[in-house]
Structure formats: C-alpha cells, structure tokens
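# Commentary on secondary and tertiary structure
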Amino acid sequence: MQDNDNGVGTLDAIIIGAGITGIHQLYRLREAGFSARILDAGSGVGGTWHWNRYPGARFDSESYTYGYFFSRDLFAEWDWKEHFAAQPETEAYLNFAVDRLGLRPHVQLDTVVSELRFGETTDTWTVLTADGERQRARFVIAATGLLSAPYVPDLPGRDDFGGEAHHTGLWPREPVDLAGKRVAVVGAGASAVQIVPVIAPEVASLTVYQRTANWCTPLNNAPITAEEQAGIKARFDELYRACHSTVSGFLHPDGTRRTFDDTPEERTAFYEELWNSPGFRKMFGNYCDLGVDRAANDEYCAFIERKIRETVHDPVVAERLVPSDHGFGEKRPPMEAGYYAAFNRDNVELVDLPETPLVEVTRTGLRTTGTEREHDVIIWATGFDAGTGALARIRVQGEGGRLLSDAWVDGPETYLGMQSAGFPNLFMAGGPQSTYGNVPRSTESQVEFLAGLLEHARDVGAARIHPTRAAQEAWTRHVEEVAAKLLTAETAWYQGSNIPGKAKRYIIYPGGVKAWADRAREVAAAGYAGFELSRITTPAAGVV
Ligand SMILES: Cc1cc2nc3c(=O)[nH]c(=O)nc-3n(C[C@H](O)[C@H](O)[C@H](O)COP(=O)(O)OP(=O)(O)OC[C@H]3O[C@@H](n4cnc5c(N)ncnc54)[C@H](O)[C@@H]3O)c2cc1C
C-alpha cells in the first residue's frame, strides 16, 4: 500500500464524489477553514453530468433552478441557453463552477474509492483506493450520488456480444457512431425516453425492449431568449425562495385544488394547460390529491392515455405504451420530446418484455422467448442501483469492524439521511433517506447542515460524531410512515425494487425539501440533537 497524503497528513475531510453535491460540499468546507479534498472515479468533474453523456441527455429541472444559489456571482455569470439544458451545457457549467471557485487543485480524479476503514483509537477514516493508494481524514462525506451505480441485468452471454454495448450512465467520451446501425435500447425509463427520439432518425433500425411502460409527459423545452435571461437574472431571490417553498424543490408551486372539486370540463381544461406547460409542473402543480388518491390519479392517467393513443398510430403499439401496473408519479415519470411519435417511424419497433422476456445476449444480438434480433449496438438504458448502490460498492468498515453492507442488509437506516449508527464521522450528502426532487435544492440544505455540524464539532473540540440509535430509528420510521401515505409502484426504484434481491425499503425521504430543511434547522438549533459528539481521541492522534 502506498501512503499518499499529498503532503497534508490527515485531512479534515475527504469527500467522495465530484458531482454537484460534492463540489458544493468541498467549497463550503474549505470556506469554513477545513482541509478537504474530493476523490472521484470519473476522469472529469460533474458526476451525473460527466457520466450520462448519451444523445438526448438533458434536464427535467429548469436549468436556472438547478445551478448553485450559494454564490450570486456564479448565478450572474452563467447564462443558461435552454430552459432545460442538455448534458454538455451542465457539464460545462459544473466545470466553470469548479474553476471559478478555485477548487480544481482539491479534486483528485480517476480515483475509485474501494474501501473505508474507521480507526477507533484515532477517530479517523482510512480511505483506500482501487489503485492501492491510502489517504486519511477525520471525516468522510460520501457524496456518491443517488443515481450513480449503473445497473445492467444479468443476462447470459452479455460478455460474448460481438457488437458495441454501452450503458447510458457510462457513455463514452468519444462519439458513438450509430448512423445506419441496427440499435437496441433495453429499457423504457427516463434515459430511454430521452435517447430514442434523438437517435431514431439516424439509425437503420431501433428496437426498444420495454419491461414496463411509463407515463411520459411533454418536457416543452425552449431556448432562453435575451429578455427571459434578463428576467431570470433579476429574479435570483424570488427563484430561490420559490424552489424552497415547494415540496419538490422545483419552481412550480404545489397544487392546492382537489381533482373532484372541479367539473369534468374544468379538469380537462386544467390537464390541457398542464400538458402545455414546462417540465414537472405536470406532477407538482397538478391537483394536490394526485399522489395520494387512487381515483384522482386514475383520472389524470386516463387523460395521458388519450394523448398516447392520439399520438401513436398503431393501436397495438399504443396499447403497449400505456402503463398498466402503476399510476402517474408512482414511478419517476419521464419527460418526453418526441418519444411517443418515434414509434410511428417504420424503423422503430417496440418489444413487450412481459410478453416475450429477454433470454440471452447472443454474439449478434438479443434473444427473447419469441425470437432473436440482430443488433450492431446494444444500449442498456436499464437504470441504476439507486440510493444505496454506490455505497454498496465500497467496503465500509465501521466500529467493531462492522460492515455497512451488513448493517443495511434490510435496507438503509440513517439519521436524517446524514449518518448511520456504527459509522462515526462518516456522512452522506445526497444519499439514501434524504430528500430528492430538484436535487441541488435538496442537497444544498444537506451540505449546509453538514458544514454546520463539523464547525460545531470543531468549536466544542469533538473528535467523534455519531447519531444515537434512537434518533436513527425514529428517522427511519418517519421515512416509512410518510412513504406509506403515497401511491407508489411496486416496481419503483424509490423502494429498491428494480434490482433483483435488493431489500425493499424506501430509499428517499418523500416528505419534501422544505420539511427536511425545517427539521434540519430544528436539530441544529437544538445543539445537533440526535448526534453524540465526543472527545475520545488518544493524545497520540493530536486531539486532547
Ligand atoms: C440521466 C439523468 C438525468 C437527471 N436529471 C435530473 C434533473 O433534471 N433534475 C434533478 O434534480 N436531478 C436529475 N438527476 C439526478 C442527478 O443524479 C442529480 O441531479 C445530481 O446530479 C446528483 O448529484 P450528486 O453530486 O449528489 O451525485 P452524482 O452526480 O451522481 O455524483 C456522484 C459522484 O460520485 C462518484 N463516486 C461514486 N462512488 C464512488 C467511489 N467509490 N469512488 C470514487 N467516486 C465515486 C461518481 O463517480 C460520481 O461522479 C438526473 C440523473 C440522471 C442519471
């Protein structure tokens, strides 16, 4: 093992992940005077926006509500080009932020963290990398992402495929030439819905292998005009406040009316208005009972179903594209821009996997129970081992040598999604059991909270931070209780059910961005209630 402390000895903090969360955490900790460094497996910064560079990858969040708000300068200096930016623009933005904030020297790329070991006599973590490097830090913050561990189904023959195969979340930097090729897209979730309409016109044939259909609604993207740009810049405070006043952290005010308080005509007119509105307004600005009342949800689904059948010419294909196993919002609903219409093309075919399941990858393509199709390229749009996947790929050894994978064998257990009992000084930002929605608006509260907690520990001279079991149990129960009130699909990744054998436990906190931030403020104001701070480091380690 090579000991590489880059000349700084034990760091105050190592952050794993150079996505939007890790970059913010690094900035915040360094501003507070902590020594800190990011380690990331990628060859560039950006996290999601570094890895997911497939054709069509773009935001479902309004661009200017996704970027950083902690710096007015950053907000003022970056002009988003589209209301929903494509991946290259977001990757460029995050690179701009890293340089503008002077963080580049503190980011170590091409570094896969393979193991974390807690030293009980020193209260520090040893961080081991796949390259055999060893670093040490008092605190480790895993900003490893909720959707960062790509998942590919374990089909026989996968390694024998003679053509090209790519997961959307591991898309190569070099352009993939799809022109004139016979392409398979496996999956029909958000990434597939983005890629299909973009590549359909250039490929010879496109076969979409669909396990479950999803409720897709139009993104309604557009370029940002000069006038809109000026308005956005002038509304910094208003935009920030608006996002933080909603459940989801999006710009769209939460719906307040109930579905059946309106007449059928009023409902249809409202649904049409939503259909023509941008982004996630269709979900969060909808009737307020959409996510909790089955009849209300059915009503909206019937509207989308009509739209699907109006768009897709072949009634058999349309029938397959209408979800039958869940309502709108029970799984993350994709935003579409030409997805349904792509199925009207002669070169696009839909394969219904429940009818004819995939059996194997052959040397030349994919075989279902029905037939074998030849493909030059297979695109795995099969999603992620969400929430816990990235952490599960690291061997995390806490107090008494206990592994995190054993502690979480029945699913994640955390306090506020920030820490898990038995793993002192290890924190998560943007991890399991914290909020989701418009992600940066939720993770900025977590980053702030963690920075405040570490500052507090420094102020009181504490070397070890640990959540109480009682606080952890109460939070885990709270997450389950809030989730139990919602309509949620059996197959939603929110509860781990897209991964065979994964424990079924809700992996995000569905109470919302505002509720989490309010709770975190209360905890901080009460002296970080639920966390135990202690001074038990041995003198040899430098803290008395
Ligand atoms: C295609 C796609 C589109 C999305 N669109 C939106 C959207 O419109 N709006 C929205 O709010 N959210 C969206 N999301 C969710 C998105 O993940 C978050 O918005 C956000 O990017 C998460 O940032 P993060 O920094 O928390 O994690 P990530 O961006 O996932 O970054 C985590 C980083 O940790 C690194 N890492 C993990 N494990 C290790 C390890 N063992 N060693 C070293 N490095 C490691 C990874 O390499 C990665 O770079 C989208 C996700 C995807 C996949």
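Counting of residues starts from 1 at the beginning of each chain's written sequence and follows it residue by residue. At least 70 in pLDDT is required for a residue's local features to be given in this predicted model, at least 80 for side-chain atom pairs to be given and counted, and no such filter applies to totals for whole chains, interfaces and linings, which use all residues. To get the side-chain values, all heavy atoms of the structure are used, and hydrogens and water are removed first.

To continue, consider the pairing of strand S3 (residues 36–39). Exposed residues in this analysis have more than 50% of their type's maximum accessible area, buried residues have under 20%, and partly exposed residues fall in between, with area computed by a 1.4 Å probe over protein chains only. Where helices and strands are cited, they refer to DSSP runs of H or I of at least four residues and of E of at least two residues respectively, numbered from the N terminus. With burial as the criterion, each face of S3 is covered, one bearing Ala36 and Ile38 and the other bearing Arg37 and Leu39. A pair of strands is considered paired only if DSSP assigns at least 2 bridges between the two. Pairing of strand S2 (residues 11–16) with S3, which is carried by four bridges, proceeds in the parallel orientation. Looking across to S3, one finds that alanine 13 is bridged to alanine 36. Between the parallel pair S2 and S3, the chain is carried across by helix H1 (residues 20–31), and the sense of this crossover is right-handed. The pairing of S3 with strand S4 (residues 107–108) spans two bridges and is parallel. The handedness of a crossover follows from its direction of travel: if, with the strands pointing away from the viewer, the path from the first strand over the helix to the second runs clockwise, the crossover is right-handed.

The subject of this paragraph is the nonpolar core. As used in this record, nonpolar core signifies buried Ala, Val, Leu, Ile, Met, Phe, Trp, Tyr and Cys residues forming a set joined through side-chain atoms within 4.5 Å. Ranked by size, the top nonpolar core spans 124 residues in total, and within it Leu206, Tyr339, Phe449 and Phe531 carry the most contacts. Looking at this core element by element, the count peaks at six residues for helix H16 (residues 439–460). With sequence-adjacent residues up to four places away left out, leucine 206 is seen in contact with Val183, Val185, Val196, Ile199, Ala200, Asn347, Val348 and Glu349. Counting 21 residues, the second-largest nonpolar core is a separate cluster that includes Leu11, Leu116, Leu404 and Leu426. In what follows, a contact means two residues having at least one pair of non-hydrogen atoms within 4.5 Å.

Attention now moves to the packing of aromatic side chains. Under the pairing criterion, centres of Phe, Tyr and Trp rings, with the six-membered ring standing for Trp, must be within 6.5 Å; the plane angle then separates stacked pairs below 30 degrees from edge-to-face pairs above 60, leaving the rest tilted. Tallied over the full model, the rule gives 35 aromatic pairs. The interplanar angle of 40° and the centroid separation of 6.1 Å between the aromatic rings of tyrosine 68 and tyrosine 93 together place this pair among those described as tilted. Taken together, the residues tyrosine 68 in the loop between helix H3 (63–66) and helix H4 (72–77) and tyrosine 93 in helix H5 (residues 87–100) connect sequence positions 25 residues apart. You can call tyrosine 68 buried: its relative accessible area is 3%. The class for tyrosine 93 is buried, based on a relative accessible area of 2%. Through successive ring pairs, a cluster of aromatic residues spans Tyr27, Trp49, Phe59, Tyr66, Tyr68, Phe70, Trp78, Trp80, Tyr93 and Phe96. Placement of a charge over a ring requires the Lys NZ or Arg CZ to be within 6 Å of the ring centre, with the centre-to-atom vector within 35 degrees of the ring normal. Over the face of the ring belonging to phenylalanine 270 we find arginine 257, whose NZ or CZ atom lies 4.8 Å from the ring centre. One cation-aromatic arrangement involves arginine 458 over phenylalanine 34; the distance from NZ or CZ to the ring centre is 4.2 Å.

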